[in-house]
Amino acid sequence: MIEARRLHILRAVADHRTVTAAAAALYLTPSAVSQQLAALEQETGHRLVERSAKGVRLTPAGEILLSHTNAVLAQLERAEAELAAYGSGEAGTVTVAAFATGIAQVVAPAVARLAAAAPGIRIRVQDAEGDASLPMVLDRQVDVAVAVEYRGAPPADDPRLTHVPLYAEPFDAVVPVGHRLADAPEVPLAELAKDPWIGPYPGNPCHDVVVLACESAGFQPRLEHSSDDFRAVVALASADAGVALVPRSALRGMDLTGVVVRPVDGVAPTRRVFAAVRRGAEGHPLIRQVLQALGEAAQA
């Protein structure tokens, strides 16, 4: 194995042409430089320098090694710079798990903000529903979760986690264009008690929001079709397969042909989105900047 410090000496000898000058530049004695060159020749199995009355020159094997030396030492310089940046909190990788709409709503804008403001921070994003992302944080699979409040979720005062509120958004009613309430300015949920419903699977935090909203209106929704993809939910509603409640942000940019979107009459069911990290990790310089970027994206 070739030692990097001996490569430094080889390059100094090539630059200064004499052992004495190289030793002075490296704050070593000439004998120490000669010993390191001899050790490098032993490591490589090749004669690397030739001495003469005019000084020292590299052999062809030495020239080959010098060409690699420049690349190796440059890479080591980059490594030292990155480690220094990491130690100061200016560089490193942070993994974020978030549900699809949360990625579009806050994570992607946060990535763009950090690319401009803190280019040394690399964000790795994983698509995960809110009920999956929190265990991923606790199991140290990711650093940050962007999650949704749901029944059974760790509470905000859980000693294992630090919660950072991001945003809250209402669910809107989505009904087929031919539905009896399509022309209503607002949809009373109780009026949908006998309709077939389309919604997320149990376990998805949005499933809990829908069921709780219907229970508050006095009925259990008859879920005939299930999908965690809100585009599929809307497509089924446009096919007159049922009615649905969909987070407002999930409807942005979606093809709404065949459906009508109306606000819910009264207190609308709400999705509350937050970021979570392992308690104490919020002070990490990299994670702190990611949380700040997520908060700024949510406010924007």
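Computed from a prediction, not measured in an experiment: that's the story for all the values here. (Residues numbered from 1 in each chain as written. Predicted model: local features only at pLDDT ≥ 70, side-chain atom pairs only at ≥ 80, totals over all residues. Heavy atoms only, no water.)

Chemist: Please set out the pairing of strand β2 (residues 55-58) residue by residue, giving values where relevant.
Modeler: Sheet analysis places strand β1 (residues 49-52) next to β2, joined by 4 bridges and oriented antiparallel. In the sheet register, Ser-52 faces β2, and the bridge partner there is Gly-55. Hairpin connection, β1 to β2: the antiparallel pair is bridged by 2 residues. (Pairing = 2+ DSSP bridges. Helix = DSSP H or I, 4+ residues; strand = E, 2+ residues; numbered from the N terminus.)

Chemist: Pulling in residues and values, what's your account of empty space enclosed by the protein?
Modeler: Over the atoms, a rolled probe matching the size of one water molecule traces out where space is still vacant. If you walk through the whole model with that rule in mind, you get 1 cavity of 30 Å³ or more. Here the largest cavity defines a volume of roughly 40 Å³. When residues of the lining of the largest cavity are traced back to their parent elements, those giving at least two are α5 (100-117) and α9 (285-299). Sort the elements by how many residues they give to the lining of the largest cavity and α5 lands first, with 4 residues. Of the residues in the lining of the largest cavity, the class split is 8 nonpolar, no polar and no charged. (1 Å grid on protein atoms, 1.4 Å probe; cavity = no way out; pocket = protein on both sides within 12 Å on 5 of 7 lines; lining within 4 Å. Points joined across faces, edges and corners; volume = space filled by probe spheres on them. Nonpolar A, V, L, I, M, F, W, Y, C, P; charged D, E, K, R; others polar.)

Chemist: Give me the layout of surface pockets: which residues, what numbers.
Modeler: Estimated volume of the largest pocket: approximately 330 Å³. As for the largest pocket, its lining consists of 18 residues, and the residues nearest its centre are Ala-100, Thr-101, Asp-229, Phe-230 and Ala-250. No other element matches α5, which puts 4 residues into the lining of the largest pocket. Each of domain 2 (90-167 + 272-299) and domain 3 (168-270) accounts for three or more of the residues forming the lining of the largest pocket. Approximately 170 Å³ is the volume found for the second largest pocket. Surrounding the second largest pocket, Glu-149, Tyr-150, Arg-151, Pro-205, Asp-208, Val-209, Leu-212, Ala-213, Pro-269, Thr-270, Arg-271 and Arg-272 form its lining. (Domains from an automatic or database assignment.)

Remember, this is a structural readout, not a statement about activity or role.
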